[in-house]
Every structure is written in structure tokens, then in C-alpha cells.
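# Residue-level structural notes
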Amino acid sequence: MSFDPNALGGMMAGLQQQMATMKADAARKEVVGKAGGSMVQVTANGALEIVSVRIDPSMSAATADDREMLEDLITVATNDALRQAQALMASGVQGMLGGLPLPPGLL
């Protein structure tokens with residue numbers, strides 16, 4: 001498949017529309033990051049927004065040491081959720097760009 005520089009404008013407009021659709025679709029999808037054997041669960045969406053945080057009720061009577069561990073678990077679960085959300089978006093971009101006549105190795 002050869003590249004036609006005159007078709008670039010149309011391709012860009014189509015690409016922008018596809019990107020907007022993909023972002024909207026990703027924003028509706030949710031992923032769950034977990035830590036501490038699921039004692040802490042953080043839900044994020046494809047727009048990289050934290051939707052909710054769930055902490056197992058057994059953690060509610062936390063001592064100072066437990067509180068520090070809980071904070072660490074929240075951080076780990078949040079990072080896990082955000083990594084999954086980023087992978088969700090990257091997968092969409094990869095699928096969207098996969099059919100374009102881009103030079104080899106660009107993706």
C-alpha cells in the first residue's frame with residue numbers, strides 16, 4: 001500500500017474523529033486495581049480518573065502501623081488501576097492506528 005500525501009488531510013480528520021470516539025469509549029470502561037489480597041480496591045476509568053476506593057471493613061480498626069500499611073495499599077492499588085487504564089487506552093490507539101498506511105516501525 002503506497003502513501004498519498006494529498007490524502008493526509010482527510011486521514012487526519014478521520015483520525016481525530018476516531019480518537020474522540022475511542023476516548024469516549026475508554027472513559028465509559030472501568031478497571032479495578034487491587035492490593036493486599038483485594039483488601040483495597042481502586043476503580044479507575046479509561047479517562048484516568050479514580051471512580052471509587054473500597055477498603056475491606058476489617059481495616060477500619062487500624063492502629064497507627066496499620067494506617068501506614070493501609071496508605072501503602074491504597075497507593076499500590078491506585079497505581080495498579082491507573083496502569084490498567086493506560087493499557088486500555090494504549091490498546092485502543094494501537095487498534096485504531098493499526099490500519100493506517102504508516103511507515104514500518106512507527107508504531
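Refer to the preceding data block for the structure.
Okay, so let's go over this structure. If you're wondering where the values come from, they're calculated on a predicted model, not measured in any experiment.

Cut-off values and rules
- Residues numbered from 1 in each chain as written.
- Predicted model: local features only at pLDDT ≥ 70, side-chain atom pairs only at ≥ 80, totals over all residues.
- Heavy atoms only, no water.
- Buried < 20%, exposed > 50% of the residue type's maximum accessible area, 1.4 Å probe, protein only.
- Helix = DSSP H or I, 4+ residues; strand = E, 2+ residues; numbered from the N terminus.
- Pairing = 2+ DSSP bridges.

## Thoughts on the pairing of strand β2 (residues 40-45)
- Here β2 lies mainly inside the structure; five of its six residues are buried.
- Note: strand β1 (residues 30-35) against β2, six bridges, orientation antiparallel. What sits directly across from Glu30, in β2, is Asn45.
- Where β1 folds back onto β2 in an antiparallel hairpin, the turn is made up of four residues, including Gly36, whose phi is positive at roughly 65°.
- In this structure, β2 lies alongside strand β3 (residues 50-55), joined through five bridges in antiparallel fashion. Looking at β3, one finds that Val40 is bridged to Ile55.
- Following β2, the chain reverses through four residues before pairing antiparallel with β3; Leu48 in that reversal takes a positive phi of roughly 60°.

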